[in-house]
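# Structural features, examined
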Amino acid sequence: MYQPLADLLRPETLDDVYGQEHILGKGAILRRLIDSGKVPNMIFYGPSGTGKTTVANIIAKQTNRTLFKLNATTASTADIKQIVAQLDTFMAPNGVLLYLDEIQSFNKKQQQSLLEYIENGKITLIASTTENPYFYVFNAILSRSTIFEFKQISADAALKAIRRAVAYMENRTALAAEPEPGALEYIAGACGGDIRKAMNAVEVLFSAAVAEEGKITITLEDVKAVTQKSSMRADREGDNYYDLLSALQKSIRGSDPDAAVYYLGYLLEAGQMQSACRRLMVTAAEDIGLAYPMILPIVKSCVDAALMLGMPEARIPLGDAAVLLATSPKSNAGYNAINSAMQDIRKGKVGEFPRHLQNVHADTYTMEREQGYLYPHDYPYHWVDQQYLPDVVAGTKYYEYGDNKIEQAAKQYWEKIKK
């Protein structure tokens, strides 16, 4: 029966797990827990192909526990009941180690069905998820578990696994592989930290290669064909999508044009042009704002052009927008002002409108007294001192001038007039 290369080469010891030294290296906390044999309920959080299932297998082997595997996307409460039925039998004398993949797909009732057994220790739960467990796993499970984050595997660590895979395939096929310069390194970079994808790429390259005199050539062209966009993790339902958008805005806010175009390019390659456009517009208003008031219509024009052009040409006006935003002066004064005002409104600081600000038509049709409104255009410099805020918040300062040229000029102008 066919067995994927990634399964054939699955590490059997913790020393063979690549890229997770922060939790599995000598002296690291998870390594010490496993070596002690006293394994608590755990949640493994991290991208696909980083070793979560592999580590669960190693734990089961080292602790002499009966291992059951369920995938929450297809499993049901009935599957859990079948596992529970084997507790305290000769099938599971030391209790059960349950590896529950994609736990975020279980609803609250399904997750709660495990509580009794993970509390009394008859089931040791190792759950894995590619999503942030604090958002997707219910508190009752979280409070009884220790969370370990599996990091995306670096290109250097992936390259070690790829070379091991190539050596294994050479032995398996009796063919000597001659990679073109940079071919294996390209796989390591393009797999996006997913060792499983890297293994699959090596297996496909060997299967598709044409052997000559007991040798095969792993060409850079073939490598690019089998790894295209394999590192583009930007599913709208996943953490990586929101991390990318956050990284784009924070890079612009931090005035780093290189990082800005990098994350913009990542979003475009992942097919998320609409989201990139929206985030550029939000950033223009939130982070540049009043420091460069014309930035919003300029970015809007770039976005409109991109939407009209479509990819790949859309990258050009969007790239211009990202660089312009990153290199523009910054101000969040308007952003802070509206947030502060809305916060007061939510707190109930809502009062009567000052009489002189009410709709003038009310006086015309109901014969009420004059408003007493002072029309600013009738006064020098088009300004006159009168109250605009309701009494409940009168005198509150929501807007503070930013320390940029445009806002400081406005500040000096109004200070001169109002004095």
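Residues numbered from 1 in each chain as written. Predicted model: local features only at pLDDT ≥ 70, side-chain atom pairs only at ≥ 80, totals over all residues. Heavy atoms only, no water.

## Concerning the overall build of the protein chain
If you tally the helices and strands in the protein chain, you get 21 helices and seven strands. Taken against the 2.2 N^0.38 rule, which gives 22 Å for 419 residues, the C-alpha radius of gyration of the protein chain at 31 Å runs more than 25% over that of a compact globule. Out of the 419 residues in the protein chain, the part that is buried amounts to 42%. Taking contacts inside the protein chain between residues at least 6 apart in sequence as the whole, the part at least 24 apart equals 73%. Entry remark: accessible area of the protein chain is about 23600 Å², with carbon and sulfur atoms responsible for 53%. In the protein chain, which carries 44 positive and 49 negative side-chain charges, the distance between the mean positions of the two groups comes to 5 Å. (Helix = DSSP H or I, 4+ residues; strand = E, 2+ residues; numbered from the N terminus. Rg over C-alpha atoms; globule rule 2.2 N^0.38 Å. Buried < 20%, exposed > 50% of the residue type's maximum accessible area, 1.4 Å probe, protein only. Contact = heavy atoms within 4.5 Å. Areas by Shrake-Rupley, 256 points an atom, 1.4 Å probe, with all protein chains shown as cover. Lys, Arg positive; Asp, Glu negative; His and termini not counted. Charge placed at Lys NZ, Arg CZ, Asp CG, Glu CD.)

## So, the packing of aromatic side chains
Tallied over the full model, the rule gives five aromatic pairs. With centroids separated by 6.4 Å and ring planes inclined at 80°, the aromatic side chains of tyrosine 262 and tyrosine 266 adopt a geometry described as edge-to-face. In this pair, tyrosine 262 and tyrosine 266 both sit in helix α15 (residues 257-269), four residues apart, roughly one turn of the helix. Exposure remark for tyrosine 262: the relative accessible area of 52% places this residue in the exposed category. Measuring from ring centre to ring centre gives 4.9 Å for tyrosine 399 and tyrosine 401, while their planes differ by 70°; the resulting arrangement is edge-to-face. On the accessibility criterion, tyrosine 401 (33% relative accessible area) is partly exposed. Taken together through their ring pairs, the aromatic side chains of Tyr262, Tyr263 and Tyr266 make up a single cluster. (Phe/Tyr/Trp six-rings, centres within 6.5 Å; stacked < 30°, edge-to-face > 60°.)

## Describing the nonpolar core
Counting 28 residues, the largest nonpolar core has Ile162, Val166, Ile187, Met199, Val202, Phe206 and Ile218 as the members making the most contacts within it. Listed by contribution, the elements that provide at least two residues to this core are α1 (5-8), α10 (155-173), α11 (183-190), α12 (195-208) and β7 (215-218). When residues of this core are assigned to their parent elements, the largest contribution, eight residues, is made by α10. Judged by nonpolar contacts, the second largest core, of 27 residues, contains Leu244, Val303, Ala314 and Ala321. (Core = buried A, V, L, I, M, F, W, Y, C linked by side-chain atoms within 4.5 Å.)

## Considerations on the pairing of strand β4 (residues 123-129)
Every other side chain in a regular strand lies on the same face of the sheet, so the side chains alternate between the two faces. The buried fraction of β4 is high, at seven of seven residues. Where burial is concerned, the two faces of β4 agree: the one with Ile123, Leu125, Ala127 and Thr129 and the one with Thr124, Ile126 and Ser128 are both buried. Alignment of strand β1 (residues 42-45) against β4, held across four bridges, turns out to be parallel. Considered in β4, the bridge of methionine 42 is made with isoleucine 126. Alignment of strand β3 (residues 96-101) against β4, held across six bridges, turns out to be parallel. Bridging across to β4, leucine 97 finds its partner in threonine 124. (Pairing = 2+ DSSP bridges.)

## Observations regarding helix α5 (residues 77-84)
Among all positions of α5, only Ile80, Ile83 and Val84 are buried. Viewed end-on, α5 has its buried residues packed into an arc of 100°, placing them on one side of the element. Turned more than 90 degrees away from the buried face of α5 sit Lys81 and Gln82, all of them exposed. Against the buried residues of α5 lie β2 (66-71), β3, α6 (108-112), α7 (115-119) and β4. (Arc of directions from axis to C-beta.)

## What to know about the layout of surface pockets
To find the voids left in a structure, one rolls a probe of water-molecule size over its atoms. In this structure, the largest pocket occupies an estimated 800 Å³ of space. Lining the largest pocket we find 19 residues, and of these Trp383, Tyr388, Thr396, Lys397 and Lys418 sit closest to its centre. Residue composition of the lining of the largest pocket, grouped by class: nine nonpolar, four polar and six charged. (1 Å grid on protein atoms, 1.4 Å probe; cavity = no way out; pocket = protein on both sides within 12 Å on 5 of 7 lines; lining within 4 Å. Points joined across faces, edges and corners; volume = space filled by probe spheres on them. Nonpolar A, V, L, I, M, F, W, Y, C, P; charged D, E, K, R; others polar.)

## Details of the confidence of the model for the protein chain
Should pLDDT be low for a region, the predicted coordinates there are not to be read in detail. Mean pLDDT over the protein chain: 85, with 92% of residues reaching 70 or higher. In the model of the protein chain, helix α20 (residues 361-366) stands out as the element of lowest mean pLDDT, 54, in contrast to helix α18 (residues 315-327), which has the highest, 95. (pLDDT = per-residue confidence, 0-100.)

## Observations concerning the pairing of β3
In terms of residue burial, β3 counts as a mostly covered element, since six of its six residues are buried. Sheet analysis places β2 next to β3, joined by six bridges and oriented parallel. The residue bridging asparagine 71 from the neighbouring strand is aspartate 101, located in β3.

## Some thoughts on the pattern of salt bridges
Evaluated as defined, the whole model comprises 12 salt bridges. The shortest N-O distance in the salt bridge between lysine 26 and aspartate 15 comes to 3.9 Å. Of this pair, lysine 26 sits in the loop between α2 (21-24) and α3 (29-36) while aspartate 15 is found in the loop between α1 and α2, placing the two residues 11 residues apart along the sequence. Here lysine 26 and aspartate 15 have matching classes, each one exposed. Where lysine 300 meets aspartate 304, a salt bridge forms, and the shortest distance between an N and an O atom there is 2.9 Å. Of this pair, lysine 300 and aspartate 304 both sit in helix α17 (residues 295-309), separated by four residues, roughly a single helical turn. The class of aspartate 304 is partly exposed, set by a relative accessible area of 36%. Connected through salt bridges with shared partners, the residues Asp15, Lys26, Arg31 and Asp35 form a single ionic network. (Salt bridge = Lys/Arg side-chain N within 4 Å of Asp/Glu carboxyl O.)

## Let's talk about the sheet that holds β3
Taken together, five strands build an open sheet; the order of strands is β2-β3-β4-β1-β5 and the sheet is parallel. Since the sheet does not close on itself, it has two edges, and those belong to β2 and β5 (146-149), each with one partner. Between one strand axis and the next, the sheet turns by 20° as a mean value, whatever way the strands run. The sheet strands contacting α5 are β2, β3 and β4, and the helix crosses β2 at an angle near 175°. (Axes fitted to C-alpha atoms, helices over the stretch in contact; angles between N-to-C directions.)

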